[in-house]
Amino acid sequence: MSDIARQMKKKENQKKRKAYEPKLTHQELMDSSTFKRFSSSVDNILENLEDVDFTQMDDDEIPQELLLGKQQLNELGSESAKIKAMGITSRIPSDKLVKVLNILEKNIQDGARLSTLMSHDNGEDEEKLWRDLIMERVTKSADACLTALNIMTSAHMPKAVYMEDVIERVLQYTKFHLQNTLYPQYDPVYRVDPHGGGLLSSKAKRAKCSTHKQRVIVMLYNKVCDMVSNISELLEIQLLTDTTILQISSMGITPFFVESVSELQLCAIKLVTAVFSRYEKHRQLILEEIFTSLARLPTSKRSLRNFRLNSSDRDGEPMYIQMVTALVLQLIQCVVHLPNDRDAMEDEYDSKVDQDLLITNNYETAMRTAQNFLSVFLKKCGSKQGSEEDYRPLFENFVQDLLSTVNKPEWPAAELLLSLLGRLLVHQFSNKQTEMTLRVASLDYLGTVAARLRKDAVTSKMDQRSIDRILKETQGDDETQQLQKALLDYMEENTETDPSLLFARKFYIAQWFRDTTIETEKTMKSQKRDREEDSSDGPGHHAKDIETIGEVMQRAEARKKFLRKIIKTVPSHFTTLRMNSDTVDYDDSCLIVRYLASMRPFAQSFDIYLTQILRVLGESAIAVRTKAMKCLSEVVSVDPSILSRLDMQRGVHGRLMDNSTSVREAAVELLGRFVLSRPQLTEQYYDMLIERILDTGISVRKRVIKILRDICLEQPTFNKITEMCVRMIRRVNDEEGIKKLVNETFQKLWFTPTPAHDKDTMTRKILNITDVVAACKDTGYDWFEQLLQNLLKVEEDAAYKPAQKACVQLVDNLVEHILKYEESLTESKGVNSTRLVSCITTLFLFSKIRAQLIVKHAMTMQPYLTTKCNNASDFMVICNVAKILELVIPLMEHPSETFLTTIEEDLMKLIIKYGMTVVQHCVSCLGAVVNKVTHNYKFVWSCFNRYYGALTKLKTQHQEDPNSTALAANKPALLRSLFTVGALCRHFEFDMEEFKGITKVVIKEKVLELLLYFTKHEDEEVKTKAIIGLGFLVIMHPSQMFSPEVKTLYNGILADRSTSVNLKIQVLKNLQTYLQEEDSRMQEADQQWKKLSKQEDLKEMGDISSGMSSSIMQLYLKQVLEAFFHTQSSVRHFALNVIALTLNQGLIHPVQCVPYLIAMGTDPEPSMRNKADQQLVEIDKKYTGFIHMKAVAGMKMSYQVQQAIMASRKSIIRGFRHDETTSALCAHLFSMVRGNRQHRRAFLISLLNLFDDSSKTDVNMLLFIADNLACFPYQSQEEPLFIMHHIDITLSVSGSNLLQTFKESLLKEPRRREPKVKKEHQSKNGSGGEEDEDKEEICDSSSDDNSNPDDDDDDVVRRPKKSKRPVAVAEPSSESDLDLEDLDVEDVDRVMRRLPENSTPLLDFANASQGILLLLVLKQHLKNLYSFSDSKIQKYSPTESAKVYDKAVNRKTNVHFKPRQTIDFLSNNWANVVFTHDIKTRIVKQYLDFKTLMEHLDPDEEDEEGEAAQASANIRNKAINALLGGAGHGHLAPAEYDEDDESDEDERNPGSSRRARRSGDPGNLNESVDSMDVIAIHCPKHKDRPQLARVIQKISTGYSVHWMSGSYSGPWADAKKRDGRKTVPWVDTIKESDIIYKKIALTSNHKLSNKMAQTLRSLYAAKEGTSS
């Protein structure tokens, strides 16, 4: 600030100060007319009412004579205000004032409860009269209130005037009229509809309100504002009772939640801070009241922030915060009290220590208040219950306000609140127990705070000059102290204009005092610690320490002394201490505050916040990771250099590969922001960014494209621009949004007109486009055509066509470049010609979309047909020029004869001289020139005859002597003739008279005959060329494809497995070319039709050609589809192309292709997979349900395709990809079906049904399907749970049946043991079949039904490696008596001795058990992969609503699906094995394994609580894993348990259900029923499930039973029913056929065991047919 400005400001300040100085003495003031008028009014009133006895008066009754007139009261109000300002009210005798106050009280009472909101029953005029009358009374009462308050709040008043009744009455009046008169007028939310109309939402109400107010209301509003201010003054003067304070505080808080009353809110801030500062007991209540009202905060932008700050933002606009924020900050600041002079006089504060403690305690109270406020507010930001308000936006506004006020001199509490908030937020989001919404919100707020901190750190290069100036102008030698003094002086000076600065000033003093105390303590502690550590360093060192401590203490003491001195100074004496007050203005004070704050913890907490945010990047919760990434992104956008920190780089790079789309998107966005702000680092991060353009998440791909676009525009010289463009363009056929984005990007980059003078940009554009075209040489140019078409199509009807204009510019410049390159090529040989090629290719692409653009350059292009061909690029030039001329010449108007003749001749030379590609393009070009322009048919006919003649001659030679040497020499001529004749027939209709003249020979038949002859040639090359020629011919004459010879030829080649791959591919190519030609013909016809449709009649336009191609495709479809099962990928590739074209043209019904396309979706080559998947998506769009209908067939076919692909490698076919993703081969199919719950379930059930032993599916196919089921991309918990539920149902039926069938095939009596067998068995055991012994060990231990379950499982897990214990061989007689299933110990030997001679049952069992084993492993795998607990699986019911299980799944990594037994079975080829004793033993072992497994599958353990249940569950899981062959490989971790699952495993069932499970009798129905047995019944008339009853006795019609009540998981008891007044046992009779399970054993606490519950569920499901 310049010196002159400073001096002017100084003068202004002095003037202001003078204005405040009193000019008159008391006596003079009392002589003034104002005072006299007021005194006489008072005397007047009292005279008139001399006789009234106030003591006798009833409270409710108001004598009319006490009511003063309107004018009188108005005058009293204004006069009293004046004499209060003069400070002489106290000169009026107090008895008079007391009487006046009593009279005023009655006047207030008159209007205290008058409602001004009238009902609308009366007529309008009458109502207006009423309202005016009422408003008059209300206004009179307002004046009475003001007069009373003015008297009470004047200086030096006697105690007698503070009359409680009057104060009560004033509060009653104010409160009533705020609620009932003013709020409804100013904020529609507070209005009540008199007709009781529906309640509108607050937002809707506020939107509808009108802002017009009546004058009388505005006057009342201003008076009420004055009253509120006066009440706050009264609080400063007089201590009031608690009840009064309660009323005041609640009245003071209401205005903050009303819109459009900012003046009132400002007064209320004063009022509430006065209460808060004085009445400690009321603080909590005030805060609570604020919280309960928060939801009603103003929402509209207009009235959101109304408190104007002194500072302005960057653009010089004033800054505002919410009133409620201002209130909270002031409340926290007003808590601090300092011991003042009055206190100092009293003994209580004699000692300095007490004073210090008081100051520190006061500040800590403020901190506690702040902490309390923040934590309660933040808690409310958690998930909202029901119709509760969402507090998050409110909290966000609050945080924004804090950031606006931080480091402003009048708001010291903002910094305190932010530093507490930081700690609180870190605690909230780091704590995993916090609910998710709150964690995410906390992260969000912390990100905002951290970004702001960083921004301050970056932008606030402290203005050291100003600081130095301030220091120079203050005396002293301690910088901090000088600045503190300067700030306090500034605030003291401005207290007159802003009284709230008083609290702020006290707050600063207390804060600095405490900081100094804490600093001293810290130093002492650290010194003490150092002293202990360094005591060995000798005495000299120690002395130095003591000295530094001394210094620190001294400085601290000096600072405290300074602060105490300031506290003690009475404000009136302050001027003597005050320095020259013009040193510091508002900006300087802000600077000082920032300077002093930079040493406090908040300013230094950025690192802590950043570390905490980085820490949660590794969390499992997606929402937390995404939000953390977004926070980092905010910080990086403020200060990109942060990304150079190692921890930042690690965090961000790791998240680019996150498994959640939203996290990856946030990471990409962060990188993009960074790269754009630091161009020099684009190179370093380029690879990371570019690979995400292929991300599976659409939003991630979009984000990458946007970033790449910005790099292209902002860094046009970056060296990877070409590659970036190529990668972006390849997304042109992506999803709609991305397609649009790509179009926009390239429109901006390439197809925006360039100013004529800007040659550099144009050249850069041309080079960029041609580079991109060159780079796409191998992948094809569809994208470019697509792009141009899209852009030009959009503009078709527009008046201004920028893309069209840009294309004209580009074409003209391309031609210039071509000429330039041509020159440089001729001058210096060896210049790279790829540029020339790519320019010409680009030109061709333009001509393909808009040939019109190149018409004017046709003459320039013609000479390039005579290019000398030395290398591949020369051929490219010729082909492209031929293609350009083919499109352009027909559009030229009156081309010159010589030009056309030259072109014809050039083309003919090229046809005769060069190879296949050139011939094809040149014939095509000649076709266009001759057919459409010159009609020079004789010229073409002679060429045709030349080759046709040669072919006829060679045919004759070959017929005469197939082995002649001349033929071998003429092979090149034969090949050229076959190709050229075909090519000419494709473009010219030789059966026209213009060609062949009047001869009757049908040329096409003759050519067909010739070509067919050579397709039977022994040389494959000749055959291929003949097929190519044939393909050309049938394009011109499609009907020839119906000829039996062509049909036999094509179908034969496609169907015959032994035919060479090249021929197959050529036939498919022919079909593909035919369809492509048809397609372009149809498009042309369409365009013609659009032109003609105005004149033509629809009926005449028959679509003959599509009918023809449809019939043709029907002929060859089957063979083409079968070509999908070829080992060679190239054959599959072309077959897929043909099918895609057929489907796109709608030539066949798509349903027949669906299974084949599903199968092709499993192809190892990504391009083919994607194409097949795309076709399926298209079919699904048009015909919903087709995919689901053929899904299972598609899965089976997928297996066949994999078989074909794997045919060469004799390996087991698996159903997932062997890469890092291990995704299911049919994942895309599942993702298409999963959207519809019904379709998804039907599909999964059909797949699971294939595992049923009765369906006899090939084992490897079952493995393939199980692999897919294991790796499908499940998204909600319902999907894997549904599968596991159905696996359980299948197992309980099929598993038991399988065991039963095997058992029934065993002999009733064991065979005698042969010595040889025994010896062989022993030798095998001796020779180290350790693993097998172990398996038996398991079987022995776990088949023992009566052993303790825990021991049993323990044994399984920790089984000792020792030789097998000897089995006691029972006597045959006794063994045969025992039924096999009742054996305590089943071992291999015993079963072996019962095997029948015929080993078919063994093989059947081995085969059939594979399906069930696979299901078991699959269930176990899903359980581990998605961390489901047993009880969660048990509780699942498919009939529950979808929402219950709609949570996203949490997928573990590195859990692989490895069904060991099935892989062994397949790799050892057990299905076709010769039976040896060894193999029989293995199958028997498998049977026992299987049996144990079925028993382990669902444990019926003792009802345990807590840890014991968890431990036994873990043991059980390990046992199952071991049995399934998992433990050895360590790939199946024990399942984790959901916190919401209790372990309610039930006790082991003694015998009956186990026996039932092992027999094929799932309901124990073969048992007899005794009295007192518990049975399960299916009685349709009762809805409850399950229905259990206790049998009383058997009767003739069935059984008499006593019903029981309970549930699947709860306890069971005998049911009672009402009989009159008493309850009696509920007895009923049932039929034998109603019973579905006999002999149910309940657990010790009368519950069903888990297994029993599951069995009953499946039995009821089977009964009711609802198993699906």
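Please read these numbers as outputs of a predicted model, since none were measured by experiment.

Our focus in this paragraph is the confidence of the model for the chain. When pLDDT is averaged along the chain, the result is 77; 82% of the residues meet or exceed 70. Throughout residues 341–349 the model reports pLDDT below 50, and contacts reaching past four residues in sequence, or to other chains, amount to eight contacts.

Here the focus is the pairing of strand 5 (residues 1598–1605). Most of strand 5 is tucked away: seven of the eight residues are buried. Bridging between strand 4 (residues 1587–1595) and strand 5 involves six bridges; their strand directions are antiparallel. Looking at the pairing, Arg1590 lines up with His1602 of strand 5. The turn joining strand 4 and strand 5, which pair antiparallel and follow one another in sequence, is formed by two residues. Alignment of strand 5 against strand 9 (residues 1627–1630), held across four bridges, turns out to be antiparallel. When the bridges of strand 9 are listed, Tyr1599 appears paired with Ile1630. Relative to strand 6 (residues 1613–1614), strand 5 runs antiparallel, the two sharing two bridges. Note that in strand 6 the partner of Met1604 across the bridge is Asp1614.

Helix packing geometry: the angle between the two helix axes and the distance between the axes. Contact pair helix 6 (residues 124–152) / helix 7 (residues 164–186): the axes reach a minimum separation of 10 Å and the direction vectors enclose 135°. By the angle between their axes, helix 6 is oblique relative to helix 7. Relative to helix 7, helix 6 is oriented so that their crossing is left-handed. Along its contact with helix 6, which presents Val138, Ser141, Ala142, Cys145, Ala148, Leu149 and Met152, the element helix 7 presents Val166, Ile167, Val170, Tyr173 and His177.

Time to look at helix 58 (residues 1259–1271). Compared with the 18 Å implied by 1.5 Å per residue over 13 residues, the 18 Å span of helix 58 between its first and last C-alpha is a close match. Of all the 13 residues making up helix 58, 13 are buried; the element is thus mostly covered by neighbouring parts of the structure.

A separate point is the pairing of strand 8 (residues 1622–1625). Looking at chain direction, strand 7 (residues 1616–1619) and strand 8 are connected through four bridges and run antiparallel. Looking at the pairing, Arg1618 lines up with Thr1623 of strand 8.

Grouped together as the largest cluster of nonpolar side chains are 453 residues, with contacts concentrated most on Trp750, Phe751, Phe846 and Leu1269. In this structure, Trp750 is in contact with Cys725, Ile729, Lys765, Asn768, Ile769, Val772, Trp783, Phe784, Ala806 and Leu810, ignoring residues within four places of it in sequence. Grouped together as the second largest cluster of nonpolar side chains are 16 residues, Tyr1637, Ile1640, Leu1648 and Tyr1660 included.

This brings us to the pattern of salt bridges. Side chains carrying opposite charge are able to pair once their charged atoms draw close together. Scanning all chains against the criterion turns up 46 salt bridges. For Lys84, the salt bridge goes to Glu233, with nearest N and O atoms at 2.8 Å. Of this pair, Lys84 sits in helix 4 (residues 70–86) while Glu233 sits in helix 9 (residues 215–237); the two residues are 149 residues apart in sequence, bridging distant segments of the chain. Overall, the relative accessible area of 17% leaves Lys84 in the buried class. The salt bridge partner of Lys1638 is Glu1632, with a shortest N-O separation of 2.9 Å. The network of salt bridges with common partners includes Arg1234, Arg1240, Arg1241, Glu1278 and Glu1279.

Criteria and thresholds
Residues numbered from 1 in each chain as written. Predicted model: local features only at pLDDT ≥ 70, side-chain atom pairs only at ≥ 80, totals over all residues. Heavy atoms only, no water. pLDDT = per-residue confidence, 0-100. Contact = heavy atoms within 4.5 Å. Buried < 20%, exposed > 50% of the residue type's maximum accessible area, 1.4 Å probe, protein only. Helix = DSSP H or I, 4+ residues; strand = E, 2+ residues; numbered from the N terminus. Pairing = 2+ DSSP bridges. Axes fitted to C-alpha atoms, helices over the stretch in contact; angles between N-to-C directions. Parallel < 35°, antiparallel > 145°, perpendicular 65-115°, else oblique. Left-handed = near helix turned anticlockwise from the far one by under 90°. Expected span 1.5 Å × (residues − 1). Core = buried A, V, L, I, M, F, W, Y, C linked by side-chain atoms within 4.5 Å. Salt bridge = Lys/Arg side-chain N within 4 Å of Asp/Glu carboxyl O.

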